[in-house]
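In case you want the letters, here they are:
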Amino acid sequence: MTALESVKWQPVPGLEGVELYPFIRKPDIVSCNSYVLRTTSEMIVIDPGADAEQMARILEMVQQGVAAGLDATFYLTHCHVDHCFQIVSAYRSGGNGSMKLAVQEAGAEALMSLDPDLTQARVMGWAFPPSSLQVRCSSLLDARELTGEVSLGTKMDIMPTCDGLTLRRQMVPLDGGAMEVFHTPGHSPDSVCYLVGRMLFTGDLLFAADPGIAGQVGWNRDDLVTSVRNVLWLLRSREIDLCCPGHGRPVDTETARAILEGMLQRAGELGSIRTNDLDRIRFTSDYALDILMEANEAFSVLAGRLYYLSYYLEELEESEEARRCRECIESDKIDELLAKFHLFVEEFLQGQRVQLQVILKAIQTIQSIERLFRGTKLEELMDASVLRRTSRLLGDFTNAVKGLEFDIEMTTAQLDVLIERTIGTLASPPPPEEEILDAVGDDQAYLAALARRIAHLPVYDGMTFSVRKEGDADLTVRIDEGRFVDALCGLLEEYVGLEAREIVLRMTGGDRPTVTISADVKEKVLDQEKERSHRRRFELAGARLKNAEDPACLILEMEASGRDG
Ligand SMILES: [Fe+2]
């Protein structure tokens, strides 16, 4: 058996007389899949979830079972709110007192104290109903003797698995057999997997290394690696047909094995991950919003340039090349993806989504956009700074959600030389068209000439720049040159947007060398959102963006490095 039907009773393979009624949801993080099991004497619910409607249907089934004389117990794969919010709230509100809840010891403690971090309630922005009622949990896999009202009549042991590892197991008697509970921490300290017949209920184990999920409070890389190896051992040594995860479709053993092996391969990369706490989630979701804004701009510039290139090619009667160029990026599809993301962000701003969802949606969007870019010949066609900035943005964002460090290369640079070179490139006239025409006949030279022509930013035509330096000030600074130049170009484009005709860049030395940018405009250059995004870019480059009294004026401040530094 490799498939399960949602919301339908079906037999559990490998354990006669046990039936399963799964609730399989479209993957989301606001609730989870629930699995209701029924034997001749009891009902078991694995992960009742956080969806009120789903819970109402589960409760109806359980109450019918209880009325027919069945015993009922709710089991959690772990204590995250998306798996248990409804049942814990039911307890807290004083209702459903007859229901039993079983969760691994660390999770039981977290639920008793309603720990907002270990349960993920804080990052989801959820609060349990206030009440003095205790959550009545039975600890699973407790090193101490089981306590509480519920005796599960269970037996505990520690099994040797592979390569000297061990796996803690608890046997819960079930009509004609047993449900085995395995302690598989890593995603959270209390994560467990349940084996019933030939079905393994894996909770969030299969996604524990995914960006945005890895690094949550309570996450532990070493424990995760051990658990993954232990579950791989289980899949090898036991008869298991299907792995039923907490989110998304159940998968067959082969697929589960491939996912787990992929996790082991990526385990090294997860070594330096930062904790995905509220601060990081805020930072990343702010970044996701900035990316949306910048991606919109960047893609329209790219599309504009490709259009320009295809126009040239048409003029040169190279229709085939022109068509290839227009089809180079599927801008319609990119627009569609961005529009969907936009909608999602709006739902977030209206309070219908949480920050973590924005991040996960942004990851999905960015990955789809990257896929559309893959295999295109954009890099051959243009050496545009826009392309570089866009890919840097995508790279930074991916690292941010993965909790990895940014790719920053701090070096010693001569600020005046760097600024003059950057401005020199911006203000230079476009390469002459003859250069392109001369290259016709030599495909590579022709494309290179076209690329140079296109890389030239016509936006600065007719604009004057003056670069001034205070005396013989020492302007040796420590920055990431590539990032700084990209950030500066991005900032200067904002002045273009305000129709500035004259931009002055004035440099001063000292402990903190500065560049003061001013222009012949009256308005404030950056609104709040843009300021945040530019400030972040400069920060990553090693510079601080500051406002001046004059609204048209912005200051960049850097660390001096000393001529020998
Ligand atoms: Fe989870």
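Refer to the structure presented above.
All figures in this text were calculated on a predicted structure; none of them were measured in a lab. (Residues numbered from 1 in each chain as written. Predicted model: local features only at pLDDT ≥ 70, side-chain atom pairs only at ≥ 80, totals over all residues. Heavy atoms only, no water.)

### A few points about the overall build of the protein chain
On a plain count of helices and strands, the protein chain comes out with 17 helices and 21 strands. The proportion of buried residues among the 565 residues of the protein chain is 53%. Of the contacts formed within the protein chain by residues at least 6 apart in sequence, a portion of 69% connects residues at least 24 apart. By element, 49% of the accessible surface of the protein chain is carried by carbon and sulfur atoms, the whole surface being about 25,400 Å². (Helix = DSSP H or I, 4+ residues; strand = E, 2+ residues; numbered from the N terminus. Buried < 20%, exposed > 50% of the residue type's maximum accessible area, 1.4 Å probe, protein only. Contact = heavy atoms within 4.5 Å. Areas by Shrake-Rupley, 256 points an atom, 1.4 Å probe, with all protein chains shown as cover.)

### A look at the sheet that holds strand S13 (residues 242-245)
Spatially, S8-S9-S10-S11-S12-S13-S14 is the arrangement adopted by the 7 strands of the open sheet, whose pairing is mixed. Strands at the two margins of the open sheet, each flanked by one partner only, are strand S8 (155-160) and strand S14 (251-252). Both S13 and S14 contribute to a ladder of 2 bridges, which runs antiparallel. Bridge pairing in S14 places Cys243 opposite Val251. (Pairing = 2+ DSSP bridges.)

### Things to note about the nonpolar core
Counting residues in each nonpolar core, the largest one holds 52 residues, and the members touching the most others are Val36, Phe74, Ile87, Val88, Leu101 and Leu111. Those residues in contact with Val36 that sit more than four places away from it in its chain are Trp9, Glu19, Leu20, Tyr21, Phe23, Met43, Ile44, Val45, Ile58 and Met61. If you look at the next biggest cluster of nonpolar residues, it comprises 39 residues, including Ile423, Val477, Ala500 and Ala519. (Core = buried A, V, L, I, M, F, W, Y, C linked by side-chain atoms within 4.5 Å.)

### Side note on the coordination of the iron ion
Those donors, His78 (NE2), His80 (ND1), His187 (NE2) and Asp204 (OD), are the protein atoms that reach the iron ion, and they lie 2.1 to 2.3 Å from it. Along the chain, the residues that donate to the iron ion are spaced as H-x1-H-x106-H-x16-D. Considered together, His78 and His80 belong to a single accessibility category, that of buried residues. (Donors = N, O, S within 2.8 Å, 3.2 Å for Na, K, Ca; no water.)

### Things to note about unusual backbone geometry
Positive phi, close to 50 degrees, is recorded for Asp163, a residue that is not glycine. By the element assignment, Asp163 lies in the loop between S8 and strand S9 (166-174). Look at Asp163 and you get exposed, because its relative accessible area is 63%.

### A closer look at the environment of Gly482
Along the polypeptide, Gly482 turns up in helix H16 (residues 481-497). Overall, Gly482 belongs to the partly exposed group, its relative accessible area being 31%.

### Things to note about the pairing of strand S18 (residues 502-508)
Examined bridge by bridge, strand S16 (residues 464-469) and S18 share 6 bridges and lie parallel to one another. Considered in S18, the bridge of Phe465 is made with Ile503. Here S18 pairs with strand S19 (residues 514-519) via 6 bridges, running antiparallel. Bridged to Met507 within S19 is Val515.

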